[in-house]
Amino acid sequence: MSYLVTGIGANVASWLLLPKSVGGVLGIGGAATVSLGASGAVFGLFAVSVLVKLSWNWRRLLEVVILGQFVVDRFLSEAKMVAAAGSGVGAGNVNHVAHLGGAFAGVLLIFFLTRMVPP
């Protein structure tokens, strides 16, 4: 379920933020691209995996620090790529907007699940 939700979130982000020339709604850039792939969902799963492990258990906290450092590094790298490309699509036609959208969808998924499901 997490994979599906984060994948849909990544594609919705692409649809909203990519250029109007390729079907985007808001269109932040001018490059034409087609978004196809699973990387946005995978970025969402990275975010989910870090947030699920959050607890005050020292072993889990160590896992969160190690995995969290990787996720934050990847997230910041993608944000820099979006800023550098200006269109959300960088070298090799990588859809960086989908990566960020997938990670954001993963955060939202965990946020809502923790509110809906009792501990």
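My aim in this report is to walk through the structure given alongside it, one point at a time. Predicted model, so just to flag it, every value in this text is computed and none were measured. (Residues numbered from 1 in each chain as written. Predicted model: local features only at pLDDT ≥ 70, side-chain atom pairs only at ≥ 80, totals over all residues. Heavy atoms only, no water.)

**Some thoughts on the packing of helix H2 (residues 39–52) against helix H4 (residues 96–116)**
- It is the contact of H2 with H4, at a shortest axis distance of 7 Å, that shows an interaxial angle of 35 degrees. Note on packing geometry: the crossing formed by H2 with H4 is right-handed. Facing H2, whose interface residues are Ser39, Gly40, Phe43, Gly44, Ala47, Val48, Leu51 and Val52, H4 presents Ala98, His99, Gly102, Ala103, Gly106, Val107, Leu109 and Ile110.
- Taken together, the residues that form the contact of H2 with H4 break down as 10 nonpolar, six polar and no charged. (Axes fitted to C-alpha atoms, helices over the stretch in contact; angles between N-to-C directions. Helix = DSSP H or I, 4+ residues; strand = E, 2+ residues; numbered from the N terminus. Left-handed = near helix turned anticlockwise from the far one by under 90°. Contact = heavy atoms within 4.5 Å. Nonpolar A, V, L, I, M, F, W, Y, C, P; charged D, E, K, R; others polar.)

**Some words on the packing of aromatic side chains**
- Scanning the entire structure with this criterion turns up two aromatic pairs.
- Here Phe43 and Phe46 contribute two aromatic rings whose centre-to-centre distance is 5.9 Å and whose plane-to-plane angle is 70 degrees, an arrangement assigned as edge-to-face. Here Phe43 and its partner Phe46 are both found in helix H2, three residues apart, which amounts to about one turn of the helix.
- Looking at Phe43, the relative accessible area reads 12%, which means it is buried.
- Overall, Phe46 belongs to the partly exposed group, its relative accessible area being 26%.
- Taking the centre distance of 5.3 Å and the plane angle of 75 degrees together, the rings of Phe111 and Phe112 count as edge-to-face.
- A relative accessible area of 44% places Phe112 in the partly exposed class. (Phe/Tyr/Trp six-rings, centres within 6.5 Å; stacked < 30°, edge-to-face > 60°. Buried < 20%, exposed > 50% of the residue type's maximum accessible area, 1.4 Å probe, protein only.)

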